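Survey of secondary and tertiary structure
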There are 2 protein chains.
Amino acid sequence: MTRTNPSPDTADAESTETRVAVSTVIFSLRRDGDEDPRLVLPLVKRTRDPYEGLWALPGGWLDASENLDEAASRTLAETTGLSASYLEQLYAFGDIGRSPSRVVSIVYWALLRSDEVDAQSAAHAAAGDAPENVDWFTATDLPGLAFDHNAIVDYALWRLRNKVGYSRIAHGLLPDAFTLADLREVNEAILDRKLDPANFRRQVENSNTLIPTESFRTGSHRPARLYRYNQDVELADRGPLGRPRSHESSTT
Amino acid sequence: MTRTNPSPDTADAESTETRVAVSTVIFSLRRDGDEDPRLVLPLVKRTRDPYEGLWALPGGWLDASENLDEAASRTLAETTGLSASYLEQLYAFGDIGRSPSRVVSIVYWALLRSDEVDAQSAAHAAAGDAPENVDWFTATDLPGLAFDHNAIVDYALWRLRNKVGYSRIAHGLLPDAFTLADLREVNEAILDRKLDPANFRRQVENSNTLIPTESFRTGSHRPARLYRYNQDVELADRGPLGRPRSHESSTT
DNA sequence: TCAAAAGTGTTGCTCATACACCCATGA
DNA sequence: TCATGGGTGTATGAGCAACACTTTTGA
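Residues numbered from 1 in each chain as written. Chains lettered and ligands numbered in written order. Predicted model: local features only at pLDDT ≥ 70, side-chain atom pairs only at ≥ 80, totals over all residues. Heavy atoms only, no water.

Looking at an unreviewed UniProt entry, one finds chain A named NUDIX domain-containing protein and attributed to Microbacterium binotii.

Take a look at the structure:
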């Protein structure tokens, strides 16, 4: 029972090296026509074994010279061309059987602002350089994915839903200025249930996370006030870890 | 920007291998005399560079043939001779600068039942084979540790305190049968504040996690009923991940 | 009979929900 | 003027903190 694998972090010890991958579950929001918005995420089609032809989470091997969250940001940028408005480590998956050969995957989850995704898509369409092998899927209705990636997405969804309950994270999916109805719809899409507009309004007003602007969005009814996110308030309490050093740009 | 590190989990790709360590923040409870109990954790004195002579979290290199939580259980058993009543992954630390050479540490946190720790210590004392280079420290009053281990312990403490707030996890530190006062003292030790005995009683009674026994502990006052943990209820909600396959024994 | 802890009752506050209602605009 | 969503007011109930109170034991 008492194997003597020498104590860790020692430079000289003979130690088994392991292949370490970093993958990210990237959430964004899409609204088609006048449907309710829904959570979507980008997947990459595998071009080699194992699981060739199946869809998988975007990711890549951990570079020797980069931190874990840098690797997540990098692979995220490589597949979407964008930087995340929120990025958090999800879990490290390392079971023996999860891949034909031993791979430890450090998985992150991220939020992308829907307007940036839309702009990017439009740019690609205009330039005719839409990326091969990348497509967006409805988060709650995925095909069978490579490896254990279905389970990973399920866990990421669970974390997202949890987090939405106790922190104001939903506007990571929204443009800079948005109405309370926008924000409520995001929460409804994440939680998959309707929220009372009146009570929702009071909750966010009391949470102090939003700054009202003097702009209004006009529709065919009473105009709705636009709000902006209060940068002084952390999106989510992550304890002593704080927010990762921001490699993500502040694309204002 | 678009480096082409081939997509992960591919068996054939040239990929940088990384040394992966698994460490564990192991919490237990100690009461000296009639003091309030306090959280303690075992540390291992490093016997080689880097940080030779400093105390560090118990851990070891990840074996090629074991899952991550198996590695945590193994190293936990190697340093304490015991198995945990609760084990959960904490975080993966992999910053470039955290060790002279690149090491990714998958860190777990665990709870040990105080009675098992005491029995183990007594056995060691009797046999005169108390382990070298291992000692127990008060969790909130640690010396300067090797690597980034102080920050890791801080984060583990934060997680433990958080979790105690929304799940009934504290009896992972207690023997099989315990009084409500015992349980309350554990919570007080973790949260570092006094709790109202009356309200605490109602909370746990309503949570349905405890089974009252017909035994009582007598002192110099009214005897207190002993309770047992209700195995049907999960200690903590971990979402789709569920509880790890139990390598930990069910030492009843 | 007294000290001390076990255990019960009660009150008041905060907050979430449900829902009735008024407001402002475009058509 | 009317339909529609924006926005306000308010009653109800659950849950929790505070604390007074009763019960049961050993000394």
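Now that the structure has been shown, the text picks up again.
**Some remarks on the overall build of chain A**
The cut-off we apply is this: Numbered from the N terminus, helices here are DSSP runs of H or I no shorter than four residues, and strands are runs of E no shorter than two. Per-residue accessibility, obtained with a 1.4 Å probe over protein chains only, is compared with the maximum for each type, and a residue is labelled buried under 20%, exposed over 50%, and partly exposed between these values.
A count of helices and strands for chain A gives five helices and ten strands. Evaluated residue by residue, chain A yields a buried proportion of 51% over its 252 residues.

**Focus: helix H1 (residues 68-80) of chain B**
Residue and element names in this part refer to chain B. As a reminder, the rule being used: To estimate the expected span of a helix, count its residues, drop one, and scale the result by 1.5 Å.
For H1, which comprises 13 residues, the first-to-last C-alpha distance of 18 Å matches the rise-based estimate of 18 Å (1.5 Å per residue) to within 8%. Extensive coverage of H1 is indicated by the burial of eleven of its 13 residues. Those residues of H1 that fall on the buried side of the exposure criterion are Leu 68, Asp 69, Ala 71, Ala 72, Ser 73, Arg 74, Thr 75, Leu 76, Ala 77, Thr 79 and Thr 80.

**As for the side chain of Gln 89 of chain A**
Note the following rule: Whether two residues touch is decided by their heavy atoms; if any such pair falls within 4.5 Å, the residues are in contact.
Position of Gln 89 of chain A among the secondary structure elements: in strand E5 (residues 86-93). Gln 89 of chain A sits in the buried class, given a relative accessible area of 4%. If sequence neighbours within four positions are ignored, Gln 89 of chain A has contacts with Leu 68, Ile 106, Val 107, Tyr 108, Trp 109, Arg 159 and Arg 238 of chain A together with Tyr 91 and Ala 92 of chain B.

**Some words on the UniProt feature "domain: Nudix hydrolase" (unreviewed entry) in chain A**
Selection criterion: UniProt positions are given in the numbering used here, feature names are shortened, and annotations may be inferred rather than shown by experiment.
Within the UniProt annotation, "domain: Nudix hydrolase" (unreviewed entry) is assigned to residues 17-161 of chain A. Counted over residues 17-161 of chain A, helix gives 28% and strand 34%. Its end C-alpha atoms are 35 Å apart.

**Here's the deal with the sheet that holds strand E8 (residues 177-179) of chain B**
Sheet strands line up and pair through hydrogen bonds in the backbone, either parallel or antiparallel. Residues and elements named next belong to chain B. Basically, it comes down to this: Any two strands between which DSSP finds at least two bridges are classified as paired. Simply put, an axis is a line fit to the C-alpha atoms, just over the touching stretch for a helix, and the angle between two N-to-C directions goes from 0 to 180 degrees.
Strand order in the open sheet formed by three strands is E8-E10-E9, and the pairing between neighbours is antiparallel. Each having just a single partner strand, E8 and strand E9 (210-217) make up the two edges of the open sheet. The sheet shows a mean angle of 40 degrees between the axes of neighbouring strands, direction not considered. Examined bridge by bridge, E8 and strand E10 (residues 224-229) share three bridges and lie antiparallel to one another. In the sheet register, Phe 178 faces E10, and the bridge partner there is Tyr 227.

**Here we look at the protein's contact with DNA strand C**
Worth spelling out the cut-off: For each residue, the test is whether any non-hydrogen atom lies within 4 Å of the molecule or strand; if one does, the residue is near. Here a polar contact is taken to be a pair of N or O atoms separated by no more than 3.5 Å, where protein atoms must pair a possible hydrogen donor with a possible acceptor and residues adjacent in sequence count only if both atoms sit in side chains.
As a structural note, the neighbourhood of DNA strand C is formed by 19 residues, with Asn 199 and Pro 223 of chain A together with Ala 198, Arg 201 and Arg 202 of chain B the closest of them. Within 4 Å of the protein, the contacting atoms of DNA strand C are drawn from sugar and phosphate to the extent of 54%. Here a phosphate oxygen of DNA strand C sits 3.5 Å away from a polar atom, N or O, in the side chain of Gln 203 of chain A. One of the side-chain N or O atoms of Arg 222 of chain B is found 3.2 Å from a base nitrogen in DNA strand C. Looking at the surface near DNA strand C, the elements that each hand over two or more residues are helix H5 (197-207) of chain A together with helix H5 (197-207) and E10 of chain B. Among the elements that make up the surface near DNA strand C, the one with the highest residue count is H5 of chain A (four residues).

**A closer look at the protein's contact with DNA strand D**
Put simply, the test is: Three classes are used: nonpolar for Ala, Val, Leu, Ile, Met, Phe, Trp, Tyr, Cys and Pro, charged for Asp, Glu, Lys and Arg, and polar for all others, with Gly counted as polar.
In the vicinity of DNA strand D, 20 residues are found, and the nearest of them are Arg 201, Arg 202 and Arg 222 of chain A together with Asn 199 and Arg 222 of chain B. Arg 222 of chain A is positioned such that a nitrogen or oxygen atom in its side chain is 3.2 Å from a base nitrogen of DNA strand D. Only helix H4 (180-191), H5 and strand E10 (224-229) of chain A together with H5 of chain B provide two or more residues apiece to the surface near DNA strand D. At four residues, the largest contribution of residues to the surface near DNA strand D is made by H5 of chain B. Residues of the surface near DNA strand D, tallied by class, amount to six nonpolar, six polar and eight charged.

**Things to note about the pairing of E9 of chain B**
Residue and element names in this part refer to chain B. Here E9 runs beside E10; their pairing, made up of five bridges, is antiparallel. Looking at the pairing, Phe 216 lines up with Arg 225 of E10. Between E9 and E10, which pair antiparallel in sequence order, lie six residues.

**Things to note about the environment of Glu 116 of chain B**
Structurally, the position occupied by Glu 116 of chain B is in helix H2 (residues 114-127). Residue Glu 116 of chain B is classed as buried on the basis of its relative accessible area, which comes to 17%.

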